[in-house]
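Geometric and topological summary
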Amino acid sequence: MNLAELKNTASRLMAPDKGLLAMDESIPTANKRFEPLGIPLTEEYRRKYRQLIVTAPGLGEYISGAILFDETVHQKTDDGCLFLDVLKEQGIIPGIKVDEGTVPFDGFPGETITEGLDKLSERLKVYHQQGLLFAKWRGVISITDKTPTTAAIKANAFTLARYAALCQQAGIVPIVEPEVLMDGDHSLQRCLEVTTEVLHAVFNALYEQKVAFEGMILKPNMVLPGLKAADQSNAKEIADATVNCFLRTVPAAVPGIAFLSGGQEAELATERLNAMHQQYDNVMPWALTFSFSRAIQQPALDKWAGNDANVAEAQRLLVNRARLNNIARRGEYTPDMENE
Ligand code: 13P
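The text that follows walks through the structure, step by step, so that each part is easy to find. Predicted model only: the values in this text are computed from it and were never measured.

Counting its regular elements, the chain contains 12 helices and 10 strands. The C-alpha atoms of the chain give a radius of gyration of 19 Å, which matches the 20 Å a tight globule of 340 residues would have. C-alpha atoms of the chain, sized along the principal axes, occupy 50 × 50 × 40 Å. Looking at the chain residue by residue over its 340 residues, the buried ones come to 58%. At a minimum sequence separation of 6, the contacts of the chain that also span at least 24 residues come to 79%. In the form shown here, the chain has an accessible surface area of approximately 14,000 Å², with 50% of it arising from carbon and sulfur atoms.

So, in structure tokens, the structure goes:
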């Protein structure tokens, strides 16, 4: 393992004031986002949309790395430039989603396990040769009266750790994403308990698999009440629960934590990230930033809606969301900035 290379990539990804852009929607997920807007569910429209993103003027000022889906790695702009090269010109490091999605965790109703470990080493070698310097794998944990089970937590922690170990052997920084879903009516406290247990299991498994904490990035959920909970908690309560959870579970050697947005409203995700920096900047040993998909892309996707005439305005909305999240990373965001 070349730890110096991994550390170098991780520190570039965690560059001050920047964050990551997740644009790695699988084909079914892209279809789910396109369908309500009437956008054709074709490879060409996914290419057009991703062209809009990678060519957005100024994106590289706020985004250090972009997570791609395999299809996107081979795609080109209208004038024949590989998206990979366009990203590099913007100063954005390209990364790749390498998991192959979730399937039911048989015997454990309502729980899932993530697939994709078979032949992963070979795939990673090819990706590294193509200049993809980091990867992502998402494990999913759901909260209900009966879940998560210890078995599902342990199985997902093991697969995340095995993936991370293989990435590091291939010179690729693993983004380790154990996502505790927001679905349900559970309390903030219950999400805190589950997220704490999941992160302990994940870091234990990472240690067992000899993953170098210095050469990885954690991509967790914020600690949030369920979407249908009566008490939705304010940004300060969420910041307290989230940062204290990480202080107890995430080793200081990990260079960075980059949040998924998980279906939060874009503005709320920004406000909550901001609250964490306002209150805890002096005590956090890791960089704390964003790796949002929906909370950066959604306003732009709504505006574009498959129409070439809307590209420039959609790009402006995309870059603006990235900019506001950068301001939140400094703890300097205020909601009135949304109207500027
Ligand atoms: P969201 O920010 O939309 O949750 O997506 C992040 C991600 O990468 C999911 O795997």
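In the neighbourhood of the ligand, 13 residues make up the surrounding shell, with K136, K219, S261, G262 and R294 lying closest. Within the contact set of the ligand, an oxygen atom lies 3.0 Å away from a side-chain nitrogen or oxygen of E177. A distance of 2.6 Å separates an oxygen atom of the ligand from a polar side-chain atom of R294. Against a free-state accessible area of 300 Å², the protein chains account for coverage of 92% of the ligand.

Read around the closed barrel, the 8 strands follow the order β1-β2-β3-β6-β7-β8-β9-β10; overall the barrel is parallel. As paired strands, strand β7 (residues 173-180) and strand β8 (residues 217-218) are joined by 2 bridges and run parallel to one another. Looking at the pairing, I175 lines up with I217 of β8. Together, β6 (134-141) and β7 form the strand contacts of helix α7 (residues 150-169), whose direction differs from that of β6 by roughly 175 degrees.

A few words on the environment of E61. Mapped onto the elements, E61 comes out in the loop between α3 (43-54) and β2 (63-68). Residue classification places E61 among the exposed residues on the basis of a relative accessible area of 53%. Setting aside anything within four residues of it in sequence, one finds E61 in contact with K18 and N326.

What follows concerns the layout of surface pockets. By volume, the largest pocket is sized at about 880 Å³. When residues of the lining of the largest pocket are traced back to their parent elements, those giving at least two are α2 (27-34), α6 (120-129), β6, β7 and β10 (287-292). Looking at which element gives the most residues to the lining of the largest pocket, the answer is α2, with 4 residues. Of the residues that constitute the lining of the largest pocket, the class distribution is 11 nonpolar, 9 polar and 16 charged. As a volume, the second largest pocket reaches approximately 210 Å³. Together, E265, A266, E267, P299, R316, L317, N320, R321, E338 and E340 line the second largest pocket.

Basis of the calculations
- Along every chain, residues carry numbers that run from 1 in the direction the sequence is written.
- Reporting in this predicted model follows two pLDDT cut-offs: at least 70 for local features of residues, and 80 or more for side-chain atom pairs to be given and counted; totals over whole chains, interfaces and linings ignore these cut-offs and use all residues.
- Note that water and hydrogens are dropped before the side-chain values are worked out from all heavy atoms of the structure.
- For the purposes of this entry, the term helix denotes a DSSP run of H or I that reaches at least four residues, the term strand denotes a run of E that reaches at least two, and both are numbered from the N terminus.
- The globule rule is 2.2 Å times the number of residues to the power 0.38, and the radius of gyration it is compared with is taken over C-alpha atoms.
- Burial classes: relative accessible area under 20% of the type maximum marks a residue as buried, over 50% as exposed, and values in between as partly exposed (1.4 Å probe, protein chains only).
- Whether two residues are in contact is decided by their heavy atoms: any pair within 4.5 Å suffices.
- Using a 1.4 Å probe, accessible areas were evaluated by the Shrake-Rupley method; residue-level cover was limited to the displayed protein chains.
- Only heavy atoms are used to decide nearness, and a residue is near a molecule or strand if one of them lies within 4 Å of it.
- Here a polar contact is recorded for every N or O atom pair within 3.5 Å, except that within protein the pair must consist of a potential hydrogen donor and a potential acceptor, and residues adjacent in sequence are included only if both atoms are side-chain atoms.
- Strands qualify as paired when DSSP identifies two bridges or more between them.
- Orientation is described by lines fitted to C-alpha atoms, with helices fitted over the stretch in contact, and by angles between N-to-C directions that extend from 0 to 180 degrees.
- Space inside and on the surface of the protein is sampled on a 1 Å grid over the protein atoms alone, with a cavity defined as a set of points where a 1.4 Å probe fits but cannot get out and a pocket as an open set with protein on both sides within 12 Å along at least 5 of 7 lines; lining residues have an atom within 4 Å of a point.
- Grid points are joined across faces, edges and corners, and a volume is the space filled by probe spheres set on the points.
- When residues are sorted by character, Ala, Val, Leu, Ile, Met, Phe, Trp, Tyr, Cys and Pro go into the nonpolar class, Asp, Glu, Lys and Arg into the charged class, and all the rest, Gly among them, into the polar class.

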